[in-house]
Amino acid sequence: LDGACAVYSTIISLMCLRQINFEDVNTGKIDKRSPKGKFLSILLEQRGMNMQGWYLKTLAQEINNTSDFDIKATAIRKDYIDRIYDNTHEDLPSIIGLSFRNNEFGHAIVCIGVEESEECENKPVKLLCIDPAYPMACTAYWNCVIILPKNYDDDTYLVYSTDEEKTNVLINDAIIFI
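Residues numbered from 1 in each chain as written. Predicted model: local features only at pLDDT ≥ 70, side-chain atom pairs only at ≥ 80, totals over all residues. Heavy atoms only, no water.

## Observations regarding the overall build of the chain
The number of helices and strands found in the chain is five helices and seven strands. Compactness check: the chain gives a C-alpha radius of gyration of 16 Å against a globular reference of 16 Å for 178 residues, within 12% of the reference. Considering only C-alpha atoms, the chain reaches an extent of 50 × 35 × 35 Å along its principal axes. Looking at the chain residue by residue over its 178 residues, the buried ones come to 45%. Relative to all contacts within the chain whose residues are 6 or more apart in sequence, the contacts with residues 24 or more apart total 54%. Accessible surface, the chain: about 9,900 Å² in total, of which carbon and sulfur atoms supply 47%. For the chain, the separation between the mean place of its 17 positive charges and that of its 27 negative charges on side chains is 7 Å. (Helix = DSSP H or I, 4+ residues; strand = E, 2+ residues; numbered from the N terminus. Rg over C-alpha atoms; globule rule 2.2 N^0.38 Å. Buried < 20%, exposed > 50% of the residue type's maximum accessible area, 1.4 Å probe, protein only. Contact = heavy atoms within 4.5 Å. Areas by Shrake-Rupley, 256 points an atom, 1.4 Å probe, with all protein chains shown as cover. Lys, Arg positive; Asp, Glu negative; His and termini not counted. Charge placed at Lys NZ, Arg CZ, Asp CG, Glu CD.)

Here it is in structure tokens:
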């Protein structure tokens, strides 16, 4: 993943989890004396636009190594949709690593909700997400939807939809929080 989307998705998730606030990342100067400040410095100043990319497993480790946070991050490599669904039902965001059909690059977004099937209980049909590459609409908390087919597994292409594009994606990895 290129550094920007993974960093922004991490910041969005930590804000959703109330581990950081707007002032922590928007003051122009980060107080590096605290563990949280050191983490934000690594994320925003030292490695913010990491052209080699960020692995979500590395981001999860960095989050877990920050003693100021009272959450734990777990990088997952299988059963993505079920684990993201369960995480969302605990009112926790998930960071999702995607690859597009042409596999030219990866991208990170944040899942903040699900839409469930009307026919089948506990069956997600859409993941409601925040994509840091697109502006937020004034009428919703999300700006991106991943549409799930009736049957899926970790190798199923899913439909990724924003106001500006609709394409097929694979989920490659994810971070869930506890």
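## As for the pairing of strand β3 (residues 106–116)
The side chains of a regular strand alternate, residue by residue, between the two faces of the sheet. Pairing geometry for strand β2 (residues 94–100) and β3, over six bridges, is antiparallel. Bridge pairing in β3 links Ser99 to Gly106. (Pairing = 2+ DSSP bridges.)

## Looking at helix α5 (residues 80–89)
Buried within α5 are the following residues: Tyr80, Ile81, Ile84, Tyr85, Asn87 and Thr88. Take α5 and look down its axis: the buried residues cluster within an arc of 165 degrees, on one side only. Close packing links the buried residues of α5 with β1 (73–76), β2, β3, β4 (124–130), β6 (158–161) and β7 (166–177). Of the residues trailing α5, Asp91 is marked for its positive phi of about 60 degrees. (Arc of directions from axis to C-beta.)

Nothing here speaks to function; it is geometry throughout.
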